[in-house]
Structures are given as structure tokens and as C-alpha cells.
Amino acid sequence: MSPRPSPQPLSQGERGLSSPRPLGEGPGERGFELPPLAAYIHIPWCVKKCPYCDFNSHAAGPSLPEEAYVDALLADLDADLEHVHGRPLTSIFFGGGTPSLFSARALGRLLEGVQRRVAFAEDIEITLEANPGTFEQAKFKDYRALGINRLSIGVQSFQGQKLQALGRIHDGDEAIRAADMARAAGFDNFNLDLMHGLPGQSIEDALFDLRTAIAQQPTHLSWYQLTMEPNTLFWSQPPEVPEDDILWDIQEAGQALLAAEGYAQYEVSAYAQAGRAARHNLNYWTFGDFIGIGAGAHAKLSNPDGRILRSWKTRLPKDYLDPAKAFQAGERQLTADELPFEFLMNVLRLTDGVPASLFTARTGLPLAQLGDARREAEQRGLLHPDSQRLCATREGQLFLNDLLQHFLP
């Protein structure tokens, strides 16, 4: 019998972008297919900084520089247009921070400017992150009228004591009202972000939060474990969280409840009703391309000559808004040796994996490059021995870091 694993640390919320690593030489021209293109737009201001949050977010002052920031975002996009290569945007994700602090007028001007520069796919998915403490009915109706057709609402918990421990500005009743207002504003597709493994949380507490979330009838749930991240208050002053056995029991009971209620797990921390998986995040997990604009935004972009680039923008809003400073803080080209790991650390998060042919389509490398590492992972029971698919076993998903170790360059 395999040892009982500790629950797999999960990403905070719907976003899960890879951090850049040291510069290397590129793989050269391989004639691979250009993948679909998405856009991530970062709005870095929040009402207050939460003690667990390691995203690039900053407490907002009495007013936000909306006009200047929209101007900067569009100028930033102009500099990245060389990477579009005629592709339409299949999705846009407004992340933060709290993008719902911005007015509908500012977001409308931004969306209009983006669409003038890059075509939108006919069925484009446009997601806006929002926190319950920022909901105003008229404002969200205006967002919907702009073409924003999906919300991601950062609830985290419905219990007052847990929300206070997390430093959230809303209470449980406000979280429920936010879901009601989302529907009333015309959003028939919305995600609720929910955490487990919270300070002092029992299995009953965690299931109460899940049942309350399910009762709001979201089309999608992101349910993930609280982790202590560097450069956060919780890292330097960690709260007391449940022991591993309790965390594991919470995860098992929660997954069973979600499945029984019609929310299929399609990724490590993502559960959706039929046909409602987040297309933007599926693009990440299938190694698609995404432009990243805004303070601290990351991008992954492919070129027809086979080069795959990761880039990142300057983090501090004051620097991002400074016309004397460049938007881009760094760029690196992925090497042929790195590509198997880079590809697999994304696609193996998907519970059903991907067709094996996608490896060559996205990287330009022959499937044989996975070679001995793939066979060893299969022999250890971490990867399904299926010549047509790349898919982690249940054991492989529980020990995903162990599985990925096989493919390190």
C-alpha cells in the first residue's frame, strides 16, 4: 500500500502562472503549430492586502489612476502585438488585485482598445475577478453590458471567524448576496473561489463552506488548500492550520460532495458543471499562449520559427506607470531540454490529461524525447501506460511533484 500523501499544495485561485527561470538557448525552428492565444490583464490594487496573498497586489489609496493605467495597458499591448501572428483572442482574464474596483467606463475603454488591436473570437470568454465587498448591482450590470460574460468571485469562506483570520473585508452574508447580484446582473456563468485547510477548520466547517457555495449554483468552483507563501504575512507569522490527516480527510470528503452535486473535477483545484470548465485556464493547462499586460503580468508566447518565450512585466504600479521605464522587466527563451517539463507541469494538472500528439503540436519536439523518463513514470504507477495520451494516474495526481521530477532538465 502506498503511504498516505499529504494533500497536494494548490494554486491560489483560478490563476496559476509559472515563474521564469534562468535564461537559456532556444530549441530552434521545428515547424510546430501556433497554439490558441489568450490575454491576461493584471489590475494590481485591492482594498487591503490579505495576509496569505502572494499575488502582485497593493492596497488602493483614496483614488485609482484608472485613466493612466488604461493608457499604460494599451501601450503595453502595442509592444506585444508582434507575437499575435494573426490569431484572435479566445479568452481574456482580468486578474488582480481586485479588478472590480475599476469603473465600467475604464474597463469599457480598455476592452474597446484591446479589440481594436487584436480580433476577438466569436465566442470569446471574458472573466473579471471580483470580491464580495466590491459588489454594486448597477456596476455589475454595466460590466455585463460591456461583454464581460464570466465572473470569478473571491469568497474563500462563508464563516465570519474564518474570513477574519484570512483578513477578508466581507462576511458570509455579503458573499451570498454577491452571487445573487451576479445572477441579477445577467451573469449565468460564474466561479466561486473557496479555500480549505483554514486556521482552526474542521471537516464539518469545510463541508459547510462547500454546501453553502453549491447552494449559490455557481457553474464553476475553485476549491484549493491554503498554503503559506514566501513574502506574505502568513509566511512570517504562520497561523495554526489543520494537521495533514485532517487536511486529507477534508479533501476526500469535499471531492466526494462536489462529484455528488454534479461538479466534475477537471484540474487539480477546479470543478465545473458540464460544459462550464474555464476556457481561459484550460488554455494555460494545455500549454496555450497568453499575452500578459499590466504590472507584474506574465506571458508565454510562441513564434512561427519555433521559439517559445516567457516574459514578465515590471511589478510595482508606480514603475509600470512611469513613462521613463520599460513595461517589460525580463524575457527568456525556453530550451529544448526544458520544454518537456514546462509542457507536462501544465497538462498533467488536468485529470484527463491530453492527447499525446499535443506534445509535438505545442513544443515541436518528437514524443520520443520523453523516452526513459516517461517509461519510468509509468512503471512507478504515476503515469498511465497509454501510447495515445499523457495522463497522470490517481497516484500521480496525488504525488504530482514526484511525477514531474522525472522530467526535470
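See above for the structure.
Residues numbered from 1 in each chain as written. Predicted model: local features only at pLDDT ≥ 70, side-chain atom pairs only at ≥ 80, totals over all residues. Heavy atoms only, no water.

Enquirer: Break down the pattern of salt bridges for me, with residues and values.
Expert: In the structure shown here, the tally under the stated rule is 21 salt bridges. Across the pair D180 and R183 runs a salt bridge whose closest N-O atoms are separated by 2.7 Å. Within this pair, D180 and its partner R183 are both found in helix α5 (residues 172–184), separated by 3 residues, close to a single helical turn. By relative accessible area, which is 37% here, D180 ends up partly exposed. Note that R375 and D372 form a salt bridge whose closest N and O atoms lie 2.3 Å from each other. (Salt bridge = Lys/Arg side-chain N within 4 Å of Asp/Glu carboxyl O. Helix = DSSP H or I, 4+ residues; strand = E, 2+ residues; numbered from the N terminus. Buried < 20%, exposed > 50% of the residue type's maximum accessible area, 1.4 Å probe, protein only.)

Enquirer: Quick rundown of the packing of helix α6 (residues 203–215) against helix α8 (residues 244–260)? Include the residues and the values.
Expert: Two elements in contact, α6 and α8, have axes whose closest approach is 9 Å; the angle formed by their N-to-C orientations is 25°. It follows that α6 is roughly parallel to α8 by the angle criterion. The hand of the α6/α8 crossing is right-handed. Across from I203, A206, L207, L210, R211 and I214 in α6, the residues of α8 making contact are I246, D249, I250, A253, G254, L257 and L258. Residues that form the contact of α6 with α8 fall into these classes: 10 nonpolar, 1 polar and 2 charged. (Axes fitted to C-alpha atoms, helices over the stretch in contact; angles between N-to-C directions. Parallel < 35°, antiparallel > 145°, perpendicular 65-115°, else oblique. Left-handed = near helix turned anticlockwise from the far one by under 90°. Contact = heavy atoms within 4.5 Å. Nonpolar A, V, L, I, M, F, W, Y, C, P; charged D, E, K, R; others polar.)

Enquirer: Give me the lowdown on the packing of aromatic side chains, citing residues and values where you can.
Expert: Inspection of the entire model under this criterion finds 12 aromatic pairs. Pairing Y69 with Y320 gives two aromatic rings, centres 5.4 Å apart and planes at 45°, and the pair type is tilted. Of this pair, Y69 sits in helix α1 (residues 66–80) while Y320 is found in helix α10 (residues 317–320), placing the two residues 251 residues apart along the sequence. The pair Y69 / Y320 is uniform in exposure class, with both members buried. With a centroid separation of 5.7 Å and 85° between ring planes, the pair formed by F287 and F343 is classed as edge-to-face. Remark: F343 occurs in helix α11 (residues 339–347) and F287 occurs in the loop between α9 (279–285) and β11 (289–293); sequence separation between them is 56 residues. When sorted by exposure, F287 lands in the same class as F343, which is buried. Within the aromatic cluster, the residues linked to one another by ring pairs are W45, Y69, F102, Y320 and F327. It is R144 that lies over the ring of F187; its NZ or CZ is 5.8 Å from the centre. Here the guanidinium or amino end of R349 rests over the ring plane of W285, the centre of that ring lying 4.6 Å away. (Phe/Tyr/Trp six-rings, centres within 6.5 Å; stacked < 30°, edge-to-face > 60°. Lys NZ or Arg CZ within 6 Å of the ring centre and 35° of its normal.)

Enquirer: Can you tell me about the environment of D244, naming the residues and giving the values?
Expert: Its location among the elements puts D244 in helix α8. Classification of D244 by relative accessible area gives partly exposed; the value is 42%.

Enquirer: Account for the nonpolar core, naming residues and giving values.
Expert: Residues L89, I92, F94, V114, F135, L151 and I153 are the most contacted members of the largest nonpolar core, which totals 64 residues. Ignoring anything within four residues of it in the chain, the contact list for V114 reads I41, L74, L77, L89, I92 and F120. Ranked by size, the runner-up nonpolar core spans 39 residues in total, among them A272, Y284, I308 and A356. (Core = buried A, V, L, I, M, F, W, Y, C linked by side-chain atoms within 4.5 Å.)

Enquirer: Got a sec to walk through α11? Specific residues and values, please.
Expert: Most of α11 sits inside the fold, with 9 of its 9 residues counted as buried. All of the buried residues along α11 are L339, P340, F341, E342, F343, L344, M345, N346 and V347.

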